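Each chain, letter by letter, is given below.
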Amino acid sequence: MLARAGFNRKTALATATMTLAAEAPDLDVLAQVRGPIFGFAHHRGFTHSFVGLVLVAGFVVGVMYLIWRMRGWKIKDPKLPPRWGLLFVFAYVAGLSHILLDYTNQYGVRPFWPFSERWYAWDIVFIIEPVLYILLLGALLLPAVLSLVNEEIGARRKGPQGRWAAIAALAGMAAFYGLRDFEHRRAVNALEAREYEQADPIRASAFPYWWNPFEWYGVVETRDFFATMQVDSLTPEVDPQGDMQIHYKPEETPVTVAAKSSYLGRVYLDWARYPITETEQIESPEPGYIVRFQDLRFDYPRRASRALRGSVQLDENLKVVKEQWGAGTTDHPPD
């Protein structure tokens, strides 16, 4: 959509370059070859940073240059040759759009790496948002339909198609983000304005659902516990159905300290915003403990994601035996 909005009128290969560059930051999935925990530690890191995008954009433009050479220097419009410096800028802009999209959900990004590894998240859009797909796919398909109509009536094409549909889609996205942000603020303010079991909130967050911009999943931290509940930002009303859940903070013990000092523990606590642990003592196959890590921001009622949980198994001497992330394990974690 960015390319159709006008970038493709400035240089050849703009659309292909920007499309590849918008996806390229997710090349960090290659870190999974060293195990799921290592992959988790490096997800949305270097390739999702302002500095890292320089290399990502350069890589994409280099790939496009090789493809262009392999095609025998052929372009559709001889009057609009590739401008490689401009393509690099466009690739960087497309990469920024990827960071923006990832920033809008609660998983977050680390855009200031390597100067800071702090996570930032807007928390306004669910990881899959049908409204955005409707806007973007509509803007993609509408010009194709109109093009068929023009061919039937013999109208002549004038330059790249779909510019105004793309601009309308991008404007629609901006308006949707504005609505989501406004309702998100109302939800957070409602969470912060009340007590929980006669305790004042230390901090509060509201996380989105798809489709409905007025329905939110709230997480509140107090001194002794976390509270999770639904929030209706239209009213606004906290816990309208009286289903609030209380999660008491577990006692810190030598077992949890050892688990948190493990590779998975350090990585998980660096990323998690509302972490909570559960400790289980085991006797088989060897005496020891299992400490499970969970982030309450993904503990949606009836749809909690176990994919974003981890566990550390310790022997009776509190030495790490096994670390597990999702369905994968790391028996010998890296230092």
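Analysis parameters
- Residues numbered from 1 in each chain as written.
- Predicted model: local features only at pLDDT ≥ 70, side-chain atom pairs only at ≥ 80, totals over all residues.
- Heavy atoms only, no water.
- Helix = DSSP H or I, 4+ residues; strand = E, 2+ residues; numbered from the N terminus.
- Buried < 20%, exposed > 50% of the residue type's maximum accessible area, 1.4 Å probe, protein only.
- Core = buried A, V, L, I, M, F, W, Y, C linked by side-chain atoms within 4.5 Å.
- Contact = heavy atoms within 4.5 Å.
- Patch = residues over 30% accessible without salt bridge, like charges linked within 9 Å, V, L, I, M, F, W, Y side chains within 5 Å.
- Areas by Shrake-Rupley, 256 points an atom, 1.4 Å probe, with all protein chains shown as cover.
- Salt bridge = Lys/Arg side-chain N within 4 Å of Asp/Glu carboxyl O.
- Lys, Arg positive; Asp, Glu negative; His and termini not counted.
- Charge placed at Lys NZ, Arg CZ, Asp CG, Glu CD.
- Polar contact = N/O pair within 3.5 Å; in protein donor to acceptor, adjacent residues only side chain to side chain.
- Axes fitted to C-alpha atoms, helices over the stretch in contact; angles between N-to-C directions.
- Parallel < 35°, antiparallel > 145°, perpendicular 65-115°, else oblique.
- Left-handed = near helix turned anticlockwise from the far one by under 90°.
- Nonpolar A, V, L, I, M, F, W, Y, C, P; charged D, E, K, R; others polar.
- Phe/Tyr/Trp six-rings, centres within 6.5 Å; stacked < 30°, edge-to-face > 60°.
- Lys NZ or Arg CZ within 6 Å of the ring centre and 35° of its normal.

A. Here's a closer look at unusual backbone geometry. In this structure, Pro114 follows Trp113 across a cis peptide bond, with omega equal to 5°. Cis geometry marks the peptide bond from Ser284 to Pro285, where omega comes out at 0°. The phi dihedral of Arg44 falls on the positive side, at around 55°, and the residue is not glycine. Mapping Arg44 onto the fold places it in the loop between helix H2 (36-42) and helix H3 (52-70). Judged by relative accessible area, which is 6%, Arg44 ranks as buried. A positive phi angle, close to 65°, is found at Asp123, a residue other than glycine. Following the sequence through the fold, Asp123 ends up in the loop between helix H4 (84-103) and helix H5 (130-153).

B. Geometry of the nonpolar core. Judged by nonpolar contacts, the single largest core of 23 residues is most densely connected at Tyr268 and Trp271. Elements represented by at least two residues in this core include exactly H2, helix H7 (254-260), helix H8 (263-271), strand S7 (288-295) and strand S8 (310-315). For this core, the element with the most residues is H8, which contributes five residues. Once residues lying within four places of it in the same chain are set aside, the contact partners of Tyr268 are Phe40, Phe293, Gln294, Asp295, Leu308, Arg309, Gly310 and Trp325. Core analysis: the second largest hydrophobic core is formed by 20 residues, Ala21, Leu87, Ala94 and Val109 among them.

C. Just a positive patch on the surface, in detail. Together, Arg9, Lys10, Arg83 and Arg163 line one region of the surface with positive charge. Mapping Lys10 onto the fold places it in the segment before helix H1 (14-23).

D. The side chain of Arg44, seen in detail. One polar contact links Arg44 to Asn105, side chain to side chain, over a distance of 3.2 Å. Not counting the four nearest positions on each side in its chain, Arg44 is found in contact with Asp28, Asp102, Asn105, Tyr107, Gly108, Val109, Arg110, Trp119 and Ile127.

E. Spatial organisation of a nonpolar patch on the surface. A surface patch of nonpolar side chains, amounting to about 940 Å² of accessible area, comprises Ile127, Ile128, Tyr133, Ile134, Leu137, Leu140, Leu141, Trp210 and Trp211. Inspection of the secondary structure puts Trp211 in the loop between strand S1 (203-208) and strand S2 (215-221). Judged by its relative accessible area of 49%, Trp211 is partly exposed.

F. Local environment of the pattern of salt bridges. Applying the stated rule across the entire model yields 14 salt bridges. Note that Arg292 and Glu280 form a salt bridge whose closest N and O atoms lie 2.8 Å from each other. Placement of Arg292 in strand S7 and of Glu280 in strand S6 (residues 275-282) is noted, with a sequence separation of 12 residues between them. Owing to a relative accessible area of 32%, Glu280 belongs among the partly exposed residues under this scheme. Taken together, the shared-partner salt bridges connect Arg203, Glu221 and Lys249 into one network.

G. Structural context of the packing of H1 against H4. Contact pair H1 / H4: the axes reach a minimum separation of 7 Å and the direction vectors enclose 40°. Of the possible angle classes, the one that applies to H1 and H4 is oblique. Once H1 is placed against H4, the crossing between them reads as right-handed. Facing Ala14, Thr17, Met18, Ala21, Ala22 and Glu23 of H1, the residues of H4 in contact are Leu87, Phe90, Ala91, Ala94, Gly95, Ser97 and His98. Residue composition of the contact of H1 with H4, by class: eight nonpolar, four polar and one charged.

H. Structural view of the packing of aromatic side chains. Applying the stated criterion to the full structure yields 25 aromatic pairs. Relative to Trp271, the ring of Tyr107 has its centre 5.2 Å away and its plane inclined at 45°; by these criteria the two rings are tilted. Note that Tyr107 is positioned in the loop between H4 and H5 and Trp271 in helix H8, a separation of 164 residues in sequence. As far as the burial class goes, Tyr107 and Trp271 line up, both buried. Three or more aromatic residues joined by ring pairs make a cluster, and in this case those are Phe40, Tyr107, Trp119, Tyr268, Trp271, Phe293, Phe298 and Trp325. Positioned above the aromatic ring of Trp216 is the side chain of Arg180, whose terminal nitrogen or guanidinium carbon lies 5.6 Å from the ring centre.

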